[in-house]
Amino acid sequence: RMASPALLMRVVASAYSAAEKAATIVRNVMAAGDLGIVEKTGANDLQTKADRLVQMSICASLARKFPKVTIIGEEELSTDEVTEELIEDGHCEEILKKTCPAQYTGIKEEELVIWVDPLDGTKEYTEGLLDHVTVLIGIAYGGKAIAGVINQPYYNYEAGAGAVLGRTIWGVLGIGAFGFQLTEAPAGKHIVVTTRSHSSALVNDCISALNPDSVIRVGGAGNKIIQLIEGKASAYVFASPGCKKWDTCAPEAILHAVGGKITDIHGNPFQYNKEVKHMNSAGVLAALRNYDYYASRIPDSVKQSLVP
C-alpha cells in the first residue's frame, strides 16, 4: 500500500481546488452585476463581494481540512457567515501524485502558515480589466514561502466563445511550477513591470534609474509575477510600501520554484511566519533571471526612502 501523501502535498492539492472554486465565485459575482464595492482606506483600496465570499470560501475550506494550520487572509471578516455552498472539499489528484521534497515530509499542521489574497487586483476587477485579477494562496514554513497557487479566473477571456476560461498555476520549492509555459524575456531587453494604480515619484524615479527599454503597468502582484514567468517582462520593480505578505507569498513560491528571485528593494528576503507584520514596507524587486543586474541599479536614494 502506498504511504499517504505528505501533509504539504495534501495542503497544496486542496488549495488548488479551493482556488478553482474561488474563480467560479469571482466570475459569478461579476456576472450577477452587483459587485458590492466598499472603500477600505480610499478609492485605490477597494473590497468587493467577491473578495469577501472568496476569502470565506478558501479560509473555511482549508481550516476544515487542516484545523491547526494558521490561515491569514487580507480581509477582516467574521467566519460565522460561511454557508455550506462556499465549502470546497475536493483536491487535485495530480498534485498528490508528486513526491514531496524530503525537507518538507515531516511538516506538522501547526508549522504551516497560509497567506490568502482572495482577489488580487480588486481595483482592476471593478474596472473590467479582468485579465489582471488573480486569487493567491501562499504556503509558508519556517518563515519561508515554499508552495503557492495562483488562479487567474479570467485567463483567456478575450479568446472568444468556446475558449476555456481561467487557469490555475501551482508550484512547490524542490518540485517546480506547473500550469503555464515557462518563458524567458527577450535576451538583452530590460522590460520592467510595475504598479498601475499606486504610482508615485519614488516608484517612477526608481524605474527611470534602471533605464528600461519599456515599462508595463498592470494591476496585481500575482499578475506581475506571471508576466515574469511567461517572459513578458524581465523585472518587477515596486519602490513603495503598498504590497502585503498575502500579495507576495504565493507568487514568491512559484517564482522561486522556477529559479527566479524576489526580495524587497534592499535585497532582503520576505518573512512569512505568523507573527510577521503584514506590510512589505520596503517595496518589491523580482526577476526570473538576472536579478543581480536590477538589484545593483536600485539608487541609494530610493533605498534610503524605504525602511524595511
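About the cut-offs
Residues numbered from 1 in each chain as written. Predicted model: local features only at pLDDT ≥ 70, side-chain atom pairs only at ≥ 80, totals over all residues. Heavy atoms only, no water. UniProt positions renumbered as here; feature names shortened; annotations may be inferred. Helix = DSSP H or I, 4+ residues; strand = E, 2+ residues; numbered from the N terminus. Rg over C-alpha atoms; globule rule 2.2 N^0.38 Å. Buried < 20%, exposed > 50% of the residue type's maximum accessible area, 1.4 Å probe, protein only. Contact = heavy atoms within 4.5 Å. Domains from an automatic or database assignment. Buried area = accessible area lost by both parts, 1.4 Å probe. Salt bridge = Lys/Arg side-chain N within 4 Å of Asp/Glu carboxyl O. Polar contact = N/O pair within 3.5 Å; in protein donor to acceptor, adjacent residues only side chain to side chain. Nonpolar A, V, L, I, M, F, W, Y, C, P; charged D, E, K, R; others polar. 1 Å grid on protein atoms, 1.4 Å probe; cavity = no way out; pocket = protein on both sides within 12 Å on 5 of 7 lines; lining within 4 Å. Pairing = 2+ DSSP bridges. Axes fitted to C-alpha atoms, helices over the stretch in contact; angles between N-to-C directions. Parallel < 35°, antiparallel > 145°, perpendicular 65-115°, else oblique. Left-handed = near helix turned anticlockwise from the far one by under 90°.

The name an unreviewed UniProt entry gives the protein is 3'(2'),5'-bisphosphate nucleotidase 1, with Nycticryphes semicollaris as the organism. According to the UniProt record, the Cofactor (unreviewed entry) comment for the protein reads "Mg(2+)". The Sequence similarities (unreviewed entry) field of the UniProt record for the protein holds the comment "Belongs to the inositol monophosphatase superfamily."

From N to C terminus, the protein includes nine helices and 13 strands. The C-alpha radius of gyration of the protein comes to 18 Å, within 12% of the 19 Å expected for a compact globule of 308 residues. Along the longest, intermediate and shortest principal axes, the C-alpha atoms of the protein span 55 × 45 × 40 Å. Counting over 308 residues, the protein shows a buried share of 55%. In the protein, the proportion of contacts linking residues at least 24 apart, taken out of those at least 6 apart, comes to 71%.

Let's shift gears to the domain arrangement of the protein. Looking at the protein, the domain boundaries give domain 1 (7-178) and domain 2 (191-305). Computed over C-alpha atoms only, the centres of domain 1 and domain 2 are separated by 21 Å. The contact between domain 1 and domain 2 buries some 2600 Å² in all, and 65% of this surface belongs to carbon and sulfur atoms. Close ionic contact of glutamate 230 with arginine 167 constitutes a salt bridge, the shortest N to O distance being 2.8 Å. For the interface between domain 1 and domain 2, the tally reads nine residue pairs in polar contact (both at pLDDT 80 or more). Looking at the side of domain 1 that touches domain 2 residue by residue, the classes come out as 19 nonpolar, 12 polar and 10 charged.

Attention shifts here to the side chain of lysine 21. Tracing the chain through its elements places lysine 21 in helix H1 (residues 7-32). Those residues in contact with lysine 21, other than ones at most four positions away along the chain, are Ser57, Glu85, Leu86, Ile87 and Glu88.

Following the UniProt record, the feature "binding site: Mg(2+)" (unreviewed entry) maps to Glu74, Asp117, Leu119, Asp120 and Asp247 here. Sequence-wise these annotated residues cover 174 residues; spatially they are packed, their C-alpha atoms never more than 9.7 Å apart. Set against the largest pocket, the annotated residues that line it come down to Glu74, Asp117, Leu119, Asp120 and Asp247. Positionally, glutamate 74 belongs in the loop between strand S3 (70-73) and helix H3 (93-96). Sequence-distant contacts of glutamate 74, that is, excluding residues within four places in its chain, are made with Lys40, Gln55, Val116, Asp117, Pro118 and Trp246. Take aspartate 120: its relative accessible area is 5%, and that puts it in the buried class.

Let us now look at the sheet that holds strand S7 (residues 167-172). Spatial strand order, S3-S4-S5-S6-S7-S8: six strands in an open sheet with mixed pairing. Where the open sheet ends on each side, the last strands, each with one partner, are S3 and strand S8 (176-178). Taking each pair of neighbouring strands and ignoring which way they run, the sheet shows an average axis angle of 15°. Of the strand pairs in this sheet, strand S6 (residues 144-152) and S7 are connected by six bridges, and their pairing is antiparallel. Note on S7: the bridge partner recorded for glycine 148 is glycine 171. Where helix H2 (residues 49-65) meets the sheet, it contacts S3, strand S4 (112-120) and strand S5 (134-141), and its direction lies at approximately 155° from that of S4.

Relative orientation of the contacting elements helix H6 (residues 221-229) and helix H7 (residues 245-257) amounts to 15°, with a least axis distance of 9 Å. Relative to H7, H6 is oriented roughly parallel. Classified by chirality, the crossing of H7 by H6 is right-handed. Only Asp247, Pro251, Ile254 and Leu255 of H7 make contact with H6, whose side of the interface consists of Ala221, Gly222, Ile225, Leu228 and Ile229. Across the contact of H6 with H7, the residue classes break down as seven nonpolar, one polar and one charged.

With the rule as written, the count across this model stands at 11 salt bridges. Between glutamate 127 and lysine 123 there is a salt bridge, with its nearest N and O atoms 2.7 Å apart. Separated by four residues within a single helix, glutamate 127 and lysine 123 lie in helix H4 (residues 122-127), roughly one turn from each other. The partly exposed category is assigned to glutamate 127, whose relative accessible area is 37%. Residues arginine 196 and glutamate 127 are paired through a salt bridge, measuring 2.6 Å at the closest nitrogen-oxygen approach.

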